[in-house]
Amino acid sequence: MSNIGSGVAITYWQEVMKKLENKMNRMKDQIGEKCPHFAGEDGKYDNIHTDWWTSGFWPGMLWIMHDMTGDKAYRDAAWSWDEMLEQWLVKPTVELHHDVGFQFLSTAVIKYKITGDEDGFRRGLEAANFLAGRYNPAGQFIRAWNGDKYGWAIIDCMLNISLLFWASEVTGDPGYKHIAIRHAETTMQYGVREDGSTKHILSFDPEDGHYIESFGGQGYSPDSTWSRGAAWGLYGFANTYRHTQDVRFLNTAKRIAHYFISALPEDSVPYWDFRLPSLEGQSRDSSAAAIAASGLLELASFVPEGEKRLYADAAERILRSLTENYAVWDQPEHESILLHATGSGTSFIDVSLIYGDYYYLEAIAKLNGWKHRVY
Ligand code: GLY
């Protein structure tokens, strides 16, 4: 059982895990062959193209459930996803980009970690090679998205670089991790402000690598803090510390965590941006809350006993609020777990998003002693 969750609350988290198991059993049948991304008011997940960046999250949830319960039905449902995604590494698509980390860590790599499957291993490495190929040595960043923005890097990519740390670990080749570390340093230097708030898009000259400016991206403005971006940063720098033991990354994760925690509204679930001029009519982003909670649990596991509770308590407050105010438990026809997620200020507003569901499940699994790590 987890040594992160507080003793008194452990039964509560066990009960939540049980509820999640019931929910996931239903979702497995409801989602079936779909590749889910978002669900609107009717509670039905859509079925997007499997090259889209979110395609790894549903299979990732199935792998976590298999690992937690030993139930082979989850494993069977998750098994072929990495093969399905592999086709996009060889077929023409404009969708595959820096987010191969999200897509292959929660399919190929976790499959390999749990089952030892050699195809999962190979596909994970293929994806790592693809990601490494996006590195710009002049600017020392991994390029975001496709199109002609060759000089863009984004805070979200801090989660994707775990694929490179994994590739170095399993091959013994430090080249992958050098790229990951350089990218993290660049994001730390230009993407995290002194007060721990974060920027979304960083723009560099792709020829000589100098930093030009930042853009608001999915957040409100260049000077604001997109709450999910902050959550990606928090979790990503915590992982980077785990992979490197470099205290600069731990301190950066802490800085973002302190900003994130102190900027939360009363129910511990952020609005989609922390620096909106007015909150009237603005939507929450439960996915940002779930990602941050999972990252805070990592952070709690790296710090001395006295500090641990700061991060673990914040994670548990967020997860309690999600469990009691944002999760759908009593409408069996509803396919998602969390309501009130927001993709950005202009798209997917106040919906359910599969990555919100993924990180919520991942965090609850951690509180119930789950030992494998996707990132
Ligand atoms: N691409 C990651 C996100 O929208 O959060």
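Structural data are supplied above this passage.
Owing to the predicted nature of the structure, the values given are computational and were not obtained by experimental measurement.

Novice: So what's going on with the sheet that holds strand β4 (residues 152-154)? Residues and values would help.
Specialist: One open sheet holds the three strands; their spatial order is β4-β5-β6, and the pairing between them is antiparallel. In this open sheet, the two edge strands, each paired with only one partner strand, are β4 and β6 (211-215). Strand after strand, the sheet turns through a mean of 25 degrees between neighbouring axes, direction not considered. Relative to β6, strand β5 (residues 201-204) is paired through four bridges, and the arrangement is antiparallel. Paired with I201 across the bridge in β6 is F215. Sitting on the sheet, helix α9 (residues 175-191) touches β4, β5 and β6, and the angle it makes with β5 is about 105 degrees.

Novice: Could you give me a rundown of the site of the ligand, with the residues and numbers involved?
Specialist: Every residue lining the ligand is accounted for by W53, D99, D156, Q218, W226, R228 and W232. Between the ligand and the protein, one listed contact pairs a nitrogen atom with a side-chain N or O atom of D156 at 3.1 Å. For the ligand, an oxygen atom lies 2.9 Å from a polar atom in the side chain of W232. Taking 190 Å² as the accessible area of the ligand by itself, protein coverage stands at 96%. According to the grid-proximity analysis, the pocket containing the ligand is the largest pocket. Across the shell around the ligand, the residue classes tally to three nonpolar, one polar and three charged.

Novice: Talk me through the environment of S55; I want residue IDs and the actual numbers.
Specialist: As for its position among the elements, S55 is in the loop between β1 (38-39) and α2 (57-69). Spatially, the C-alpha atom of S55 lies 9.3 Å from that of S106, the residues being 51 residues apart in sequence. Residues within four places of S55 in sequence aside, it is in contact with C35, T50, W81, L85 and Q103.

Novice: Tell me what's going on with the packing of aromatic side chains, and back it up with residues and numbers.
Specialist: Across all of its chains, the model carries 29 aromatic pairs by this definition. A centroid spacing of 4.7 Å and a plane angle of 85 degrees characterise the contact between Y358 and Y359, whose relative ring orientation is edge-to-face. Taken as a pair, Y358 and Y359 share a single burial class, namely buried. The lysine or arginine in question, K91, covers the ring of W88, its NZ or CZ lying 5.3 Å from the ring centre. Looking at R284, its charged tip hangs above the ring of Y271, at a distance of 4.2 Å from the centre.

Procedures and definitions
- Residues numbered from 1 in each chain as written.
- Predicted model: local features only at pLDDT ≥ 70, side-chain atom pairs only at ≥ 80, totals over all residues.
- Heavy atoms only, no water.
- Pairing = 2+ DSSP bridges.
- Helix = DSSP H or I, 4+ residues; strand = E, 2+ residues; numbered from the N terminus.
- Axes fitted to C-alpha atoms, helices over the stretch in contact; angles between N-to-C directions.
- Contact = heavy atoms within 4.5 Å.
- Near = heavy atom within 4 Å.
- Polar contact = N/O pair within 3.5 Å; in protein donor to acceptor, adjacent residues only side chain to side chain.
- Areas by Shrake-Rupley, 256 points an atom, 1.4 Å probe, with all protein chains shown as cover.
- 1 Å grid on protein atoms, 1.4 Å probe; cavity = no way out; pocket = protein on both sides within 12 Å on 5 of 7 lines; lining within 4 Å.
- Sits in = over half its atoms within 2 Å of the grid points.
- Nonpolar A, V, L, I, M, F, W, Y, C, P; charged D, E, K, R; others polar.
- Phe/Tyr/Trp six-rings, centres within 6.5 Å; stacked < 30°, edge-to-face > 60°.
- Buried < 20%, exposed > 50% of the residue type's maximum accessible area, 1.4 Å probe, protein only.
- Lys NZ or Arg CZ within 6 Å of the ring centre and 35° of its normal.

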